[in-house]
Amino acid sequence: KAPFDMYNRDKRAGVKLYVKRVFIMDDAQALMPAYLRFVKGVIDSADLPLNVSRELLQESRDVKTIREGATKRVLSMLEDLAENQKDKYAAFWKEFGAVMKEGVGEDHANAERLAKLLRFSSTQADDGVSFADYVSRMKEGQETIYYVTADTLTAAKSSPQLEVFRKKGIEVLLLADRVD
């Protein structure tokens, strides 16, 4: 099986749509946002007509409700994984983290939930630093989240701008993904 190409926004893992247990289509893109393109599954709805078309999928209020519900369900599962199985979430993040970061800019309704799921490298940890972790380790009186962007993690770690922060003992997030 070929590895998942996270940068190809057109490639979807595929959510299959069934209506009343009758197969309608593979890769029903209207049912899952682009940043969750790695999700595989089946959605069976009794609310849609059997002769559903791609145009109807884009315009239907029922499809919008199904999409919102499916998105919330996936995010709830990821929140549970991040909270209760940190090692499994770290493995998930390593594979799909860059794709998940797209969601903050695309899905404004779930931006806060997504922000809690984001993980970054920092000057104190190579990966797995959430905003909550960063804020809990902030120096007394520090009110700003500091970050450095670079093309690679190595370049970010060796940035000359970090010297001032290292001397003061301030943690800095290292942003090296294209989506950052």
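Below: a short report on this structure. (Residues numbered from 1 in each chain as written. Predicted model: local features only at pLDDT ≥ 70, side-chain atom pairs only at ≥ 80, totals over all residues. Heavy atoms only, no water.)

**What to know about the overall build of the protein chain**
In terms of helices and strands, the protein chain carries 7 helices and 6 strands. Along the chain direction, N to C, the helices and strands of the protein chain fall in the order β-β-β-α-α-α-α-β-α-β-α-α-β. In terms of principal-axis extent, the alpha carbons of the protein chain reach across some 65 × 35 × 30 Å. Within the protein chain, buried positions represent 37% of all 180 residues. Carbon and sulfur atoms make up 49% of the accessible area of the protein chain, which amounts to about 11300 Å² in all. Placing the 29 positive and 29 negative side-chain charges of the protein chain at their respective mean positions leaves the two points 2 Å apart. (Helix = DSSP H or I, 4+ residues; strand = E, 2+ residues; numbered from the N terminus. Buried < 20%, exposed > 50% of the residue type's maximum accessible area, 1.4 Å probe, protein only. Areas by Shrake-Rupley, 256 points an atom, 1.4 Å probe, with all protein chains shown as cover. Lys, Arg positive; Asp, Glu negative; His and termini not counted. Charge placed at Lys NZ, Arg CZ, Asp CG, Glu CD.)

**Some details on the sheet that holds strand S2 (residues 22-25)**
On the basis of which strands lie adjacent, the open sheet formed by 3 strands has the order S2-S1-S3 and mixed pairing. At either margin of the open sheet sits one strand with a lone partner, and together these are S2 and strand S3 (41-45). Within this sheet the neighbouring strands show an average axis-to-axis angle of 35°, counted without direction. Across 3 bridges, strand S1 (residues 15-19) lies against S2 in antiparallel orientation. (Pairing = 2+ DSSP bridges. Axes fitted to C-alpha atoms, helices over the stretch in contact; angles between N-to-C directions.)

**Let's talk about the nonpolar core**
Core analysis: the biggest nonpolar cluster contains 37 residues, and Leu17, Leu36, Phe38 and Met100 have the highest contact counts within it. A total of 7 residues in this core trace back to one element, the largest contributor, which is helix H2 (residues 61-84). If we skip the residues at most four places from it in the chain, leucine 17 touches Val22, Phe23, Ile24, Met25, Ala28, Leu31, Ile43, Leu48, Val52 and Leu57. Counting 7 residues, the second largest nonpolar core, distinct from the first, contains Val148, Phe165, Ile170 and Val172. (Core = buried A, V, L, I, M, F, W, Y, C linked by side-chain atoms within 4.5 Å. Contact = heavy atoms within 4.5 Å.)

**Looking at the pattern of salt bridges**
Side-chain pairs of opposite charge can arise where the charged atoms are in close proximity. Tallied over the entire structure, the rule returns 8 salt bridges. Here lysine 101 makes a salt bridge to aspartate 180, at a shortest N to O gap of 3.0 Å. Of this pair, lysine 101 sits in helix H3 (residues 86-106) while aspartate 180 sits in the segment after strand S6 (173-175), and the two are 79 residues apart along the sequence. Overall, aspartate 180 belongs to the partly exposed group, its relative accessible area being 34%. One salt-bridge network, held together by shared partners, links Lys101, Asp177 and Asp180. (Salt bridge = Lys/Arg side-chain N within 4 Å of Asp/Glu carboxyl O.)

**Digging into the sheet that holds strand S4 (residues 121-122)**
What the 3 strands build is an open sheet, ordered S4-S6-S5; its pairing is mixed. Among the strands making up the open sheet, the edge pair consists of S4 and strand S5 (147-149). Strand direction decides the pairing type here: S5 and S6, joined by 3 bridges, are parallel. The residue of S6 that forms the bridge with tyrosine 147 is leucine 173.

**Let's talk about the side chain of aspartate 107**
Within the secondary structure, aspartate 107 is located in the loop between H3 and helix H4 (111-117). Although buried, aspartate 107 forms no salt bridge, and the nearest oppositely charged side chain, arginine 67, lies 6.8 Å from it. A polar contact of 2.8 Å, which involves the side chain of aspartate 107, links it to the side chain of asparagine 110. (Polar contact = N/O pair within 3.5 Å; in protein donor to acceptor, adjacent residues only side chain to side chain.)

**Some words on the environment of proline 49**
On the secondary structure map, proline 49 appears in the loop between S3 and helix H1 (54-59). As for proline 49 and glycine 141, which are separated by 92 residues in sequence, their C-alpha atoms are 58 Å apart. What proline 49 contacts, discounting residues up to four positions off in sequence, is Val19 and Leu56.

**Some words on H2**
Along its 24 residues, H2 runs 34 Å from first to last C-alpha, staying within 8% of the 34 Å computed at 1.5 Å per residue. The set of residues buried in H2 consists of Val63, Ile66, Ala70, Thr71, Val74, Leu75, Leu78 and Ala82. Two to three positions downstream of the cap, the backbone nitrogen of aspartate 62 sits 3.1 Å from a side-chain oxygen, assigning the N-cap of H2 to serine 60. (Expected span 1.5 Å × (residues − 1).)

By themselves, these are just geometric observations and shouldn't be taken as functional.
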